Amino acid sequence: MSMYYSELALDHAENPRNVGTIPDADGAGAEMNPVCGDLLTLFIKVQDNRVADAKYKVQGCLGAVAASSILTELLIGSSLEEAERLDHQSVLDALGGLPASKLHSAALAAGVLKKALADYRSKRNAP
Amino acid sequence: MPQRFVYLDHAATTAVRPEALEAMLPYFSERFGNPSSMYRLAQEARKAVDEARLTVANILGCRANEVIFTSGGSESDNTAIKGIALASRQWGNHIITSAIEHHAVLHTCQFLENFGFEVTYLPVDSYGLVDPKAVEAAVTERTVLVSIMYANNEIGTVEPIAEIADMLKVKGKRMGRNLVFHTDAVQGAGALDLNVDHLGVDSLSLSSHKFYGPKGAGVLYVRRGTPFMPQQQGGAQERYRRAGTENTPGIVGTAVALRLAVEEQEDVRLRLTGLRDRIIQEVPKRIERTRLNGHPTQRLPNNVNLSFESVEGEPVLLGLDFAGICASSGSACTSASLEPSHVLTALGLPADIAHASLRLTLGRENTTEDVDYLLETLPDIVTRLRNLSPLARTAG
C-alpha cells in the first residue's frame, strides 16, 4: 500500500489527528462521495477570526481519512482568510500527493471545508 | 500479543513452495535448452515438459494431449472461451456464463459480444450459487458454450459443476447440439476434485500461482473432439494449439506444485476448514454487526468473506497490514476501477456492505496461532474505525 500512498499519508490514515465532533461548532459541513461512498463531517470553531479548533468524523478509504486529518492540521490556527483559500491542491500538497485514483478524497475534504465555512458565515449573518 | 506475519490472501497468490522451486531451478541455466531443439541438452527439457504434462493429465484424469500449458489462469480462460466460441460459429453464437465469474471470463465474453456473440450472464442467489435449472432455461438453439466457475475467488462459493454438466449432456442430446462446458477451476486446485470426468466438463482452467507454483504458468484442459481454434499462433508447440517456446521451469513447477497440492488435499482441507469455521464463528462474537458473505458450508475450505457495518474495507486492510496481516477486500477503494466487487453486487448486497467487506483466505502454512492473532487484532481495528465514522451508533 505504501507504494501508492506517501509515508505521511499512511501515517495520517492509520493515526488520524483531531477526530471527533464539536457540539457547539461555529460551522459544520457534511458530504458523501457517491463514487465510492466516502462520508465526511467537519466541525470548526472560530475565535478572533481564526480557526481555533477543527474536528471531523470520516468513513471511507485511506485517502479520505488522510485528507481529513491533514486538513484539520492545515486549518487549526489559520486565519479565516487562509482557510477560505485552502482547496484540494493544498490538501494534496500537504500530504505529498495521493494515488491518482484517490484524488477525489482531497476534493471531498476541500468540499466539506467550503460547506463548513459557508455555514459559519450564514450563522454569523443570521439575525 | 507480539506482532506476527500472517498471510491471509492465498486466493490472490501463494508463495512458490520449496519443492517446486527446487525442481524448477535446473531448467533456468543448466538444462536451459529449447524443448524443440535436437541436441541432448534440449531433449532434457523436452522430457521434463512431457513428464509434467503426464503428471497433470493423471490428476485431471485426461489424456496428455488434452493438456495445454499456458501463461496462467487468465490466458487459459481467454483461450478456452475465444478458442471454443470462435470454432463453433457455424453452430451458433450464444454463450452462457454467470455474473460472478472472474474478469478473465467476463471480459472475454464481453469482448466476444463485439464479434457477433450473444452472452447470457446468469444471476446467482444470495449465496452466489448458480442454479442448474437457470442454466438449462438459458440454453437456446444457438448456444455453443457454457462457462461456469468451479469456486468463486471472492466468496468461496462452490458451484454445482457436475450437476450442471449432467443437465447439459441430457439437454444437448435432446436438442442434437454440442453444448460445450468450460469451468474456471483456478480456485479449486488443492481443495476440490479436479477429475474432468467426475466434473463432466469439456474444458478447465488452472493457474499455478494459486497452488504454490510459479506465477506466469497455468493449464488449459480441452477434451478431445471439442471445437477449438488456437488463439496464439506461431509454432508447433502444444500440438499447434498454443504457440511459443515452452516455459520449462514454469511447467515443471506447475506439475510439482499440483501433484503435491493434490497429495496433501485431504489433510489441508480438513485443517483449513477448521480454521475457517473458527474465524466465521468467532469474529461475530467479538465484532457486532458482522455478516458472512457467501454460502456457510458450500464454500472453499479456506475462504472467509465478512462485512462490517459502517466500516470501509481499505482502512481495515491498512490496519491489518500494520499489524502484519495480509488480506483483501471487495471495496471500491481497493480496486483500480473504483467499482465495488461485481461478485458482492451480484449477491444483491448494497454498495455499503460491499465496501465494508474483508476477504481472508487461508493457506497450507497458516496455524491456529495465526487465527488467534487475527481474532486478537481485528476487533480493535474495526472498533477504531467505527469510532471514526459519522454513522457510528455505539462508541466501542
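Student: When you look at the overall build of chain B in this model, what are you seeing that I'm missing?
Tutor: Secondary structure summary: chain B contains 13 helices and 12 strands in total. Radius of gyration (C-alpha) of chain B: 22 Å, near the 21 Å computed for a compact globule of 396 residues. The dimensions of chain B, computed from C-alpha atoms along their principal axes, are 70 × 55 × 35 Å. Across the 396 residues of chain B, 59% fall into the buried class. Taking as baseline every contact in chain B between residues at least 6 positions apart, the subset at least 24 positions apart corresponds to 73%. Side-chain charges of chain B comprise 39 positive and 46 negative groups, with the mean position of each set lying 4 Å from the other.

Student: When you look at the side chain of Ser68(A) in this model, what are you seeing that I'm missing?
Tutor: All names here are of chain A. In this fold, serine 68 is placed in helix 2 (residues 62-75). Here the side chain of serine 68 touches alanine 64 through a polar contact of 2.6 Å, landing on its backbone oxygen. In contact with serine 68, other than residues within four places in its own chain, are Leu40, Tyr56, Val58 and Ala109.

Student: I tried to follow the sheet that holds strand 10 (residues 303-308) of chain B on my own but got confused; where do I start?
Tutor: Strands in a sheet are paired, the pairing made by backbone hydrogen bonds, and the direction either parallel or antiparallel. Residue and element names in this part refer to chain B. An order of 9-10-12 is seen for the three strands of this open sheet, with the pairing classed as antiparallel. One side of each edge strand has no neighbouring strand; the edge strands of this open sheet are strand 9 (290-292) and strand 12 (357-361). Mean inter-strand twist for the sheet, computed between neighbouring axes without regard to direction, equals 25°. Across three bridges, the pairing between strand 9 and strand 10 is antiparallel. From the neighbouring strand, leucine 292 faces strand 10, where its bridge partner is leucine 306. Sheet contacts for helix 9 (residues 248-286): strand 9, strand 10 and strand 12; angle to strand 10, the most-contacted strand, approximately 15°.

Student: Is there a simple way to think about the layout of surface pockets in this case?
Tutor: Within this model, the largest pocket holds a volume of roughly 710 Å³. For the lining of the largest pocket, the secondary-structure elements that each account for two or more residues are helix 4 (73-87), helix 5 (103-112) and helix 11 (342-346) of chain B.

Student: Even after reading the chapter, I still don't get the interface of chain B and chain A, so can you show me in this structure?
Tutor: One widely used convention gives an interface's size as the accessible area the parts lose upon coming together. On the side of chain A, 24 residues touch chain B, which itself brings 20 residues to the contact. When chain B packs against chain A, the two sides together hide about 1,800 Å² of surface, and 65% of this comes from carbon and sulfur. The three residues of chain B that bury the most area against chain A are Leu318(B), Leu338(B) and Leu388(B), which together make up 33% of that side's buried surface. Across the contact surface, chain B and chain A share two salt bridges. Residue Glu14(A) is joined to Arg384(B) by a salt bridge in which the shortest nitrogen-to-oxygen separation is 3.5 Å. Across the chain B-chain A interface, the total number found is seven residue pairs in polar contact (both at pLDDT 80 or more). Secondary-structure elements contributing two or more residues to the side of chain B that touches chain A are helix 10 (313-322) and helix 13 (368-388) of chain B. No other element matches the seven residues that helix 10 of chain B contributes to the side of chain B that touches chain A. Considering only residue class, the side of chain B that touches chain A consists of 11 nonpolar, five polar and four charged.

About the thresholds
- In this numbering scheme, every chain counts its residues from 1 along its sequence in written order.
- Starting at A for chains and at 1 for ligands, labels are handed out in the order in which the entities are written.
- Local features in a predicted model are, by the rule used here, given only for residues with pLDDT of at least 70; side-chain atom pairs are given and counted only at 80 or more, and totals for whole chains, interfaces and linings are based on all residues.
- Side-chain calculation: all heavy atoms of the structure are included, whereas hydrogens and water are not.
- Only DSSP runs of H or I with at least four residues qualify as helices, and only runs of E with at least two residues qualify as strands; both kinds are numbered from the N terminus onward.
- A radius of gyration in this sense is built from C-alpha atoms; the matching globule rule multiplies 2.2 Å by the number of residues raised to 0.38.
- For every residue, the accessible area obtained with a 1.4 Å probe (protein chains only) is divided by the maximum for its type, and the residue is called buried under 20%, exposed over 50%, and partly exposed between those limits.
- By definition in these notes, contact holds between two residues if any of their heavy atoms fall within 4.5 Å.
- Only four residue types enter the charge count, namely Lys and Arg as positive and Asp and Glu as negative; His and the chain termini do not.
- Charge positions are represented by NZ for Lys, CZ for Arg, CG for Asp and CD for Glu.
- For the purposes of these results, a polar contact is taken to be a pair of N or O atoms within 3.5 Å, where, inside protein, one atom must be able to donate a hydrogen and its partner to accept one; residues adjacent in sequence count only when each atom of the pair is a side-chain atom.
- Paired strands, in this sense, are two strands between which DSSP finds at least two bridges.
- Axes here mean lines fitted to C-alpha atoms, for a helix over just the part in contact, with angles spanning 0 to 180 degrees between N-to-C directions.
- Grid points spaced at 1 Å over the protein atoms alone were grouped into cavities, where a 1.4 Å probe fits but cannot get out, and pockets, open sets with protein on both sides within 12 Å along at least five of seven lines, with lining residues defined by an atom within 4 Å of a point.
- Grid points are joined across faces, edges and corners, and a volume is the space filled by probe spheres set on the points.
- Here the quantity called buried area is the accessible surface, traced with a 1.4 Å probe, that two parts lose on coming together, added over both.
- Salt bridge, as used here: a side-chain nitrogen of Lys or Arg that lies within 4 Å of a carboxyl oxygen of Asp or Glu.
- Gly is put with the polar residues, along with every residue not named as nonpolar or charged; the nonpolar set is Ala, Val, Leu, Ile, Met, Phe, Trp, Tyr, Cys and Pro, and the charged set is Asp, Glu, Lys and Arg.

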